[in-house]
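# Coordinate inspection notes
Take a look at the letters that make up each chain.
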Amino acid sequence: MTHRPLAAALWMIGAIAAFTAMAIATRQINGVHDTFEILAYRSMIGWVLVVALALAARRLTDVRTDRLPSHVVRNIFHFTGQSLWFWAITMIPLAQVFALEFTSPIWVILLSPIFLGERLTRRKLVAAALGFAGVLIVARPDFGHVEPGVLAAAAAAFFFASTNLMTKALTRGEPILSILFWLTLMQAVFGTVAMTLFGTVTLPTLATLPWLMLIGIAGITAHFSLTTALSLAPASTVVPVDFARLPIIAVVGALFYAEPIQPSLFIGAALIFLGIWITLRGAAAPQVPPVTKP
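Notes on the structure follow. The residue numbers shown here count from 1 along each chain, following its written sequence. Local features are withheld for residues below a pLDDT of 70 in this predicted model, meaning they are given only at 70 or higher, and side-chain atom pairs are given and counted only at 80 or more; totals for whole chains, interfaces and linings count all residues. Side-chain metrics rest on all non-hydrogen atoms present in the structure, leaving aside hydrogens and water.

## Observations concerning the overall build of the protein
The following threshold applies: Here a helix means four or more residues in a row that DSSP labels H or I, a strand means two or more in a row labelled E, and each is numbered from the N terminus. Both definitions apply: the radius of gyration is a C-alpha atom measure, and the globule rule equals 2.2 Å times residues to the power 0.38.
Helices and strands together make up the secondary structure of the protein, namely 12 helices and zero strands. For the protein, the succession of helices and strands along the chain, N to C, is α-α-α-α-α-α-α-α-α-α-α-α. Relative to its length of 294 residues, the protein is compact, with a C-alpha radius of gyration of 19 Å against a globular reference of 19 Å. With the C-alpha coordinates of the protein rotated into their principal frame, the extents come out at 70 × 50 × 30 Å.

Written out as structure tokens, the structure is:
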């Protein structure tokens, strides 16, 4: 199996940048388009981009149907998580959404030995604990004041973790192009059905179309980067790198939305990056094969 943790970390940086851009664009059109409309339009744009790139590269034959049931289950979990995540962004501060979302790597680390056969090491547990401690220090969520946005973000974390595990399983033999094709197509169908059933459909306007285009481009970029990263290293190594998104989004919230930034950001960020360094240092260490007696 491929084991290139440093390359996977670089792809995760691309995913972090794309997810951050998507969060900003979502904030910009909040109040005009609801969650299901954003999901539907994003996936429609993403599907067109995937098909166009596949045709340009003459790789459309990479799209396969032999694992279609796995794609369906994965995309149901993903759509549920994305719906909860987009809705939470409109309800509570960005840093709090991301803090709760970042329980997802914990789920991945704990569940990957069960569903993917990955090793659960002391180093991974320490790195995950440092990362999550940093998240709590940065975001300081008020868990004593439970509101719908908090519950939505926490539930989204579980669905994201499940999706990442399924994605890692699919990368074992499934072309990335095929994964992205079924992702965007199924998400577009789910989003279109949901926005038609719940409320009045608002078509894109000249003001919202550029933001929707950015969401679509950022969405496909993020998933391409994440899927590529998962194809290069174990899920329990790749996903904790995503902790770095929190201090980044906290700075973005301060710069663009006047959300307060506290000195605790630097302490939390230090713990997050220490955890990432421990994860990557352990993953990059030479893999010593077991010694067997003749």
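## Brief notes about the pattern of salt bridges
Where we set the bar: In what follows, salt bridge is the name for a side-chain nitrogen of Lys or Arg lying within 4 Å of a carboxyl oxygen of Asp or Glu. Here the term buried applies to any residue with accessible area under 20% of the maximum for its type, exposed to any over 50%, and partly exposed to those in between, with areas from a 1.4 Å probe on protein chains only.
This structure, assessed with the given rule, holds three salt bridges. Among the ionic pairs, Asp62 bridges to Arg59, the shortest N-O distance being 2.6 Å. The class of Arg59 is partly exposed, set by a relative accessible area of 44%. When the shortest N-O distance is used, the salt bridge between Asp66 and Arg64 registers 2.9 Å. Linked through salt bridges whose partners overlap, the residues forming this network are Arg64, Asp66 and Glu174.

## Here's the deal with the packing of aromatic side chains
Heads up, the condition is: Two rings from Phe, Tyr or Trp (for Trp, the six-membered ring) form a pair when their centres sit within 6.5 Å of each other. Planes less than 30 degrees apart are called stacked, planes more than 60 degrees apart edge-to-face, and all others tilted.
Scanning the model with the defined rule gives nine aromatic pairs in all. Between the aromatic rings of Phe36 and Phe198, the centroid separation amounts to 5.7 Å while the plane-to-plane angle is 35°, which identifies the pairing as tilted. A residue pair is termed long-range when its members are at least 10 positions apart, and Phe36 in helix 2 (residues 35–56) and Phe198 in the loop between helix 8 (176–197) and helix 9 (209–232) qualify at 162 residues. Measuring from ring centre to ring centre gives 5.6 Å for Phe77 and Phe159, while their planes differ by 55°; the resulting arrangement is tilted. Of this pair, Phe77 sits in helix 3 (residues 68–89) while Phe159 sits in helix 7 (residues 148–171), and the two are 82 residues apart along the sequence.

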